[in-house]
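So the chains spell out like this:
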Amino acid sequence: METEELIKKCSAITLEEEEEDRVFFGGSMKEKGAQIAAGCLVGKILTTRGVSHEGIRTALQQAWRPVGVVKVESLRNKIFMFKFSSTEDKRRVLKGGPWHFDRALIVLQEPSGIGNVTE
């Protein structure tokens, strides 16, 4: 389930007044989020120019040459989430830097904990 789809489903949940004090989330939801984050890197392109989502996807596919699939999701202006299907690809990319796009440095970091990755 993609993040946007999960957000939509959660926003549709409403509680009756008597249910408000008895909401519990199972550990499996937290574990699933941790699994998704474990396969991701967050990257910021350090440039003053605009960055094309398609351009960054194409260029990094060529530079990284992943064995598996790498999905690129634009989170905010110049901030991207890279979702790796292979942990080996992720490890190799993280250790193989520094990386750049159109003469601009790409800063990569593993997401950790709960919070807004765009900050």
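Residues numbered from 1 in each chain as written. Predicted model: local features only at pLDDT ≥ 70, side-chain atom pairs only at ≥ 80, totals over all residues. Heavy atoms only, no water.

Details of the side chain of Lys-78
Link 1 in the chain: By the secondary structure assignment, Lys-78 is in the loop between strand 2 (70-76) and strand 3 (79-84).
Link 2 in the chain: Here Lys-78 is buried and forms no salt bridge, its nearest opposite-charge partner Asp-102 lying at an N-O distance of 11 Å.
Link 3 in the chain: Setting aside chain neighbours within four positions, we find Lys-78 in contact with Gly-43, Lys-44, Ile-45, Thr-47, Thr-48, Arg-49 and Val-51. (Helix = DSSP H or I, 4+ residues; strand = E, 2+ residues; numbered from the N terminus. Buried < 20%, exposed > 50% of the residue type's maximum accessible area, 1.4 Å probe, protein only. Lys, Arg positive; Asp, Glu negative; His and termini not counted. Salt bridge = Lys/Arg side-chain N within 4 Å of Asp/Glu carboxyl O. Contact = heavy atoms within 4.5 Å.)

Observations concerning the sheet that holds strand 4 (residues 99-101)
Link 1 in the chain: Spatial ordering of the open sheet is given by 2-3-1-5-4, a layout of five strands whose pairing is antiparallel. Looking along the sheet, the strands with just one partner apiece sit at the ends: strand 2 and strand 4. Each strand axis lies, on average, 35° off the axis of its neighbour in the sheet, ignoring direction.
Link 2 in the chain: With five bridges connecting them, strand 1 (residues 40-46) and strand 3 associate as antiparallel partners. Considered in strand 3, the bridge of Cys-40 is made with Lys-83.
Link 3 in the chain: Running at roughly 140° to strand 2, helix 3 (residues 53-64) makes contact with strand 1, strand 2, strand 3, strand 4 and strand 5 (104-109) of the sheet.
Link 4 in the chain: Packing of helix 4 (residues 87-95) onto the sheet brings it into contact with strand 1, strand 3, strand 4 and strand 5, and relative to strand 1 it is tilted by some 30°. (Pairing = 2+ DSSP bridges. Axes fitted to C-alpha atoms, helices over the stretch in contact; angles between N-to-C directions.)

A few points about the pattern of salt bridges
Link 1 in the chain: Applying the stated criterion across every chain, the model contains six salt bridges.
Link 2 in the chain: The closest approach of N and O atoms between Glu-88 and Arg-91, which form a salt bridge, is 2.4 Å. One end of the pair is Glu-88 and the other is Arg-91, both in helix 4 and three residues apart, which spans about a single turn.
Link 3 in the chain: A salt bridge links Glu-110 to Lys-90; its shortest N-O distance comes to 2.8 Å. With Glu-110 in the segment after strand 5 and Lys-90 in helix 4, the pair connects residues that are 20 residues apart, well separated along the chain.

Digging into a nonpolar patch on the surface
Link 1 in the chain: A contiguous nonpolar surface patch, about 250 Å² in accessible area, is contributed by Leu-46, Leu-105 and Val-107.
Link 2 in the chain: Mapping Val-107 onto the fold places it in strand 5.
Link 3 in the chain: Its relative accessible area of 40% is what places Val-107 among the partly exposed residues. (Patch = residues over 30% accessible without salt bridge, like charges linked within 9 Å, V, L, I, M, F, W, Y side chains within 5 Å. Areas by Shrake-Rupley, 256 points an atom, 1.4 Å probe, with all protein chains shown as cover.)

Here we look at the side chain of Ser-86
Link 1 in the chain: Summarising the element assignment, Ser-86 is placed in the loop between strand 3 and helix 4.
Link 2 in the chain: Here Glu-88 takes part through its backbone nitrogen, which lies 3.3 Å from a polar atom of the side chain of Ser-86. (Polar contact = N/O pair within 3.5 Å; in protein donor to acceptor, adjacent residues only side chain to side chain.)

Description of the pairing of strand 2
Link 1 in the chain: For strand 2 and strand 3, the ladder comprises six bridges, and the chain directions are antiparallel. Paired with Glu-73 across the bridge in strand 3 is Met-81.
Link 2 in the chain: Between strand 2 and strand 3, which pair antiparallel one after the other, the connecting turn spans two residues, and Lys-78 there sits at a positive phi close to 70°.

Purely geometric stuff here, so don't read any function into it on its own.
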